[in-house]
Amino acid sequence: YQRRVRGGDGAKPEKIRSQLKKSFSTTSAQLGFRVCGMQVWQTPTNSYRHFEKLEGRELNINTIGQCISNFFHNGIRLRTELLLPLIKKLELLLEIMEMNEQQKYRFYATSLLLMYEGIDSNTYDDDSTLSQNQNNIDQKEAKINLWMIDFAQTFPKCNKPDDSGYIPGLKNLIILIKSLLPINS
């Protein structure tokens, strides 16, 4: 997931125009982030489903929720056990970034890299039969990793206004992921 870009401090006017055009033609302007690509393990086919950055540019505010849901779907079920651990990590990042608003840095074009184990060992045993019920699956501790990457466009604030894109983008991503939670979570 990549947040909105305004060209970065010291960017040339052409770069700023290009980034603003990209922002307003994707979900970046409205949500503060866009999906730049993903691959998701599909259990039925034992293969990855790929989603390229150009497909991410086609998303809009009405379709991005389904795209995020697809990231957590293995072709059999929505991996709901991954949602709460990810939300906790995103909320911690949000807390850190809100503290940074008091600090000295502006972040442009950074990305969030999300990774989890695609093979769902709780769903199928060696005979490809359902081995546990949904309650047992959800109770197992899920591991999902979150990294903030791509810091080439990180600059000191130097008395410039706050960068208002990162925090709203994180908040919107958290809201979208929370919307995937089962009602009883």
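Residues numbered from 1 in each chain as written. Predicted model: local features only at pLDDT ≥ 70, side-chain atom pairs only at ≥ 80, totals over all residues. Heavy atoms only, no water.

Peer 1: So what's going on with the overall build of the chain? Which residues, and what values?
Peer 2: Scanning the chain from N- to C-terminus turns up seven helices and eight strands. When each of the 185 residues of the chain is scored for burial, the buried share is 42%. Roughly 10800 Å² of accessible area belongs to the chain as shown, and the carbon and sulfur atoms make up 53% of that amount. (Helix = DSSP H or I, 4+ residues; strand = E, 2+ residues; numbered from the N terminus. Buried < 20%, exposed > 50% of the residue type's maximum accessible area, 1.4 Å probe, protein only. Areas by Shrake-Rupley, 256 points an atom, 1.4 Å probe, with all protein chains shown as cover.)

Peer 1: Hey, could you go over the pattern of salt bridges for me, with residue numbers and the actual values?
Peer 2: Taken as a whole and assessed by the stated rule, the structure comprises six salt bridges. Of the charged contacts, one joins R79 and E81 as a salt bridge, the two residues approaching to 2.6 Å between their closest N and O atoms. Using a relative accessible area of 6% as the deciding quantity, one classes R79 as buried. Between E98 and K171 there is a salt bridge whose closest N-O contact spans 3.7 Å. With E98 in helix α5 (residues 83-100) and K171 in helix α7 (residues 166-178), the pair connects residues that are 73 residues apart, well separated along the chain. A cluster of three or more residues bridged by salt bridges with shared partners is formed by R77, R79, E81 and D120. (Salt bridge = Lys/Arg side-chain N within 4 Å of Asp/Glu carboxyl O.)

Peer 1: Tell me about the nonpolar core, and please be specific about residues and values.
Peer 2: Counting 36 residues, the largest nonpolar core has I68, F72, L90 and L112 as the members making the most contacts within it. Taken together, the elements giving at least two residues each to this core come down to β3 (38-42), α4 (64-71), α5, β6 (111-116), β7 (144-149) and α7. (Core = buried A, V, L, I, M, F, W, Y, C linked by side-chain atoms within 4.5 Å.)

Peer 1: Hey, could you go over a nonpolar patch on the surface for me, with residue numbers and the actual values?
Peer 2: Among the surface-exposed residues, L92, I96 and M99 lie close enough to one another that they form a single nonpolar patch of about 290 Å² accessible area. Topologically, L92 is positioned in helix α5. For L92, a relative accessible area of 49% puts it in the partly exposed group. (Patch = residues over 30% accessible without salt bridge, like charges linked within 9 Å, V, L, I, M, F, W, Y side chains within 5 Å.)

Peer 1: Give me the packing of aromatic side chains: which residues, what numbers.
Peer 2: On inspection of all chains with the given rule, the structure shows four aromatic pairs. Ring centres 5.4 Å apart and planes at 85 degrees place the aromatic pair F71 and Y116 in the edge-to-face group. Of the two residues, F71 is situated in helix α4 and Y116 in strand β6; the sequence distance between them amounts to 45 residues. The buried category is assigned to Y116, whose relative accessible area is 17%. Joined through ring pairs, the aromatic side chains of F71, F72 and Y116 make up one cluster. (Phe/Tyr/Trp six-rings, centres within 6.5 Å; stacked < 30°, edge-to-face > 60°.)

Peer 1: Tell me about the pairing of strand β4 (residues 47-51), residues and numbers included.
Peer 2: Strand direction decides the pairing type here: β3 and β4, joined by five bridges, are antiparallel. Within β4, the residue paired with V40 across the bridge is R49. In textbook terms, the turn of a hairpin is the stretch between consecutive antiparallel strands, and for β3 and β4 this stretch comprises four residues, one of which, N46, has a positive phi near 50 degrees. (Pairing = 2+ DSSP bridges.)

Peer 1: Give a description of the confidence of the model for the chain that names residues and reports values.
Peer 2: The pLDDT averaged across the chain works out to 80; a share of 77% of its residues lies at or above 70. When the criterion is pLDDT under 50, residues 1-7 qualifies, and its contacts beyond four places in sequence or with other chains add up to 47 contacts. Considering only residues more than four positions removed or in separate chains, one finds that residues 125-139, a stretch of pLDDT under 50, has 19 contacts. (pLDDT = per-residue confidence, 0-100. Contact = heavy atoms within 4.5 Å.)

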